[in-house]
Amino acid sequence: MKLAILGAGAWGTALAMAFARHHDTILWGRNADHVAQMLAERCNRRYLPGQTFPESLSLTADLSVALNGAELVMIVTPIAGLRSTLKALMSGRATLPPVVWACKGFEAGSSLLPHQVVAEELPSSVPCGVLSGPSFAKEVAAGLPAAVTLASDHSGFAASVARELHSPLLRIYANEDLIGVEVGGAVKNVMAIATGVADGLGFGLNARAALITRGLAEITRLAIALGASQQTMMGLAGMGDLILTCTGELSRNRQVGLKLAEGKPLDVILAELGHVAEGVPTAREVLTMAERLEVDMPVTAAVCGLLYHGAEPARVVDDLLNRSPKSESGSALD
């Protein structure tokens with residue numbers, strides 16, 4: 001299969017490297033200078049230093065070159081870049097190959113999930129889907145094993161593409177629950193910030209396990225309210241991605257939480273990080289949606305308090321710990 005990977009950040013580069021080991025793959029980046037540097041050095045020193053590209057991987061800053069002959073387009077940008085990339089794809093083109101995106105989050109301002117943004121920009125005739133799951137870019141680029149989910153509501157599309165792209169080191173499982181996979185991939189980043197704060201304050205492993213578990217309950221409530229399946233939340237794109245992002249040292253969102261616990265201002269944290277932490281803008285969109293749908297999401301509300309309202313980390317965690325007791329299913333106790 002001939003693949004065009006659009007987006008030369010850490011995750012786009014990692015996927016391009018993984019797929020180039022088995023497929024004719026080209027990586028497109030919008031910054032011509034960055035692409036020239038990668039071509040010269042055969043690595044993405046900015047985002048994945050020390051990871052050498054497979055010889056088979058091609059690179060370009062010309063979108064037309066990237067799309068020429070492509071049988072599948074994969075958009076791997078932050079959610080903020082999804083709409084503009086889709087518009088560029090459609091510009092001057094009557095037809096498109098199938099499109100898969102690996103963006104996580106809700107679009108700022110509109111609170112749309114990625115598939116809703118895609119629906120506004122692409123014809124419904126274009127088969128499409130989302131790739132998501134527990135996967136750090138650095139490990140995928142290095143060829144370490146990972147498993148992710150490919151979801152689509154186009155009948156048979158997810159199964160056929162998953163079968164084509166599946167490999168021993170990057171196992172891909174098909175799923176028909178597009179909403180559930182996207183919600184899991186988005187909201188787990190918010191929970192990772194909360195977990196980072198708790199870890200940074202020294203609350204221990206018991207508290208971490210409790211926070212992850214209650215975070216999964218929040219994600220599941222929102223996903224079901226949006227029409228997702230509860231079963232998806234128990235899989236790779238739900239519980240799997242949540243556990244990895246909340247516990248892994250490579251998690252950028254967890255790092256945000258750890259640094260918030262140190263008392264660092266958010267703008268300083270993001271500058272030091274040097275990468276996009278999707279949980280930061282996503283938290284506000286998730287809380288807005290939860291309030292509109294009347295879904296109880298106390299951990300998300302606490303994270304928004306930390307990020308946007310100057311709440312003190314220790315006070316926020318203390319407030320969560322002192323919430324009124326409930327049954328595990330969510331109803332209040334007498």
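- Looking at an unreviewed UniProt entry, one finds the chain named Glycerol-3-phosphate dehydrogenase [NAD(P)+], with Paludibacterium paludis as its source organism.
- Under the Sequence similarities (unreviewed entry) heading, UniProt states for the chain: "Belongs to the NAD-dependent glycerol-3-phosphate dehydrogenase family."
- The annotation that UniProt attaches to the chain under Pathway (unreviewed entry) is "Membrane lipid metabolism; glycerophospholipid metabolism."

Things to note about the sheet that holds strand β5 (residues 99-101)
- Pairing in this open sheet of eight strands is mixed, and the strands run β3-β2-β1-β4-β5-β6-β7-β8 from one edge to the other. On the outer flanks of this sheet lie β3 (58-60) and β8 (170-175), each paired with one strand and no other. Here the strands of the sheet are splayed against their neighbours by 25° on average, with no regard to which way each runs.
- As defined by bridge partners, β5 adjoins strand β6 (residues 128-132) across three bridges and the pair is classed as parallel.

Observations regarding a nonpolar patch on the surface
- Together, M234, M239 and I243 give the surface a local cluster of nonpolar side chains, amounting to about 250 Å² of exposed area.
- As for its position among the elements, M234 is in the loop between α10 (230-233) and α11 (236-247).
- Note on M234: relative accessible area 44%, which makes it partly exposed.

Here we look at the UniProt feature "binding site: substrate" (unreviewed entry) in the chain
- Within this numbering scheme, the UniProt entry marks K104, R252 and N253 as carrying the feature "binding site: substrate" (unreviewed entry). Across 150 residues of sequence, these annotated residues stay compact in space, with a maximum C-alpha separation of 13.3 Å.
- Mapped onto the elements, K104 comes out in the loop between β5 and α5 (114-121).
- Apart from the residues within four sequence positions on either side, K104 is in contact with I79, S132, G133, G185, K188, N189, D241 and E278.
- Here G133 takes part through its backbone oxygen, which lies 3.3 Å from a polar atom of the side chain of K104.
- For R252, the location among the structural elements is in helix α12 (residues 252-261).

Section: the nonpolar core
- One finds V187 and V256 to be the most contacted residues of the largest nonpolar core, which totals 44 residues.
- Contributions of two or more residues to this core are made by α8 (178-200), α9 (204-225), α11, α12, α13 (266-273), α14 (279-293), α15 (298-308) and α16 (313-321).
- The element that contributes the greatest number of residues to this core is α8, accounting for ten residues.
- Not counting residues up to four positions away in its chain, the partners in contact with V256 are I193, L266, I269, L270, L273, A277 and V280.

Calculation rules
Residues numbered from 1 in each chain as written. Predicted model: local features only at pLDDT ≥ 70, side-chain atom pairs only at ≥ 80, totals over all residues. Heavy atoms only, no water. UniProt positions renumbered as here; feature names shortened; annotations may be inferred. Pairing = 2+ DSSP bridges. Helix = DSSP H or I, 4+ residues; strand = E, 2+ residues; numbered from the N terminus. Axes fitted to C-alpha atoms, helices over the stretch in contact; angles between N-to-C directions. Patch = residues over 30% accessible without salt bridge, like charges linked within 9 Å, V, L, I, M, F, W, Y side chains within 5 Å. Areas by Shrake-Rupley, 256 points an atom, 1.4 Å probe, with all protein chains shown as cover. Salt bridge = Lys/Arg side-chain N within 4 Å of Asp/Glu carboxyl O. Buried < 20%, exposed > 50% of the residue type's maximum accessible area, 1.4 Å probe, protein only. Contact = heavy atoms within 4.5 Å. Polar contact = N/O pair within 3.5 Å; in protein donor to acceptor, adjacent residues only side chain to side chain. Core = buried A, V, L, I, M, F, W, Y, C linked by side-chain atoms within 4.5 Å.

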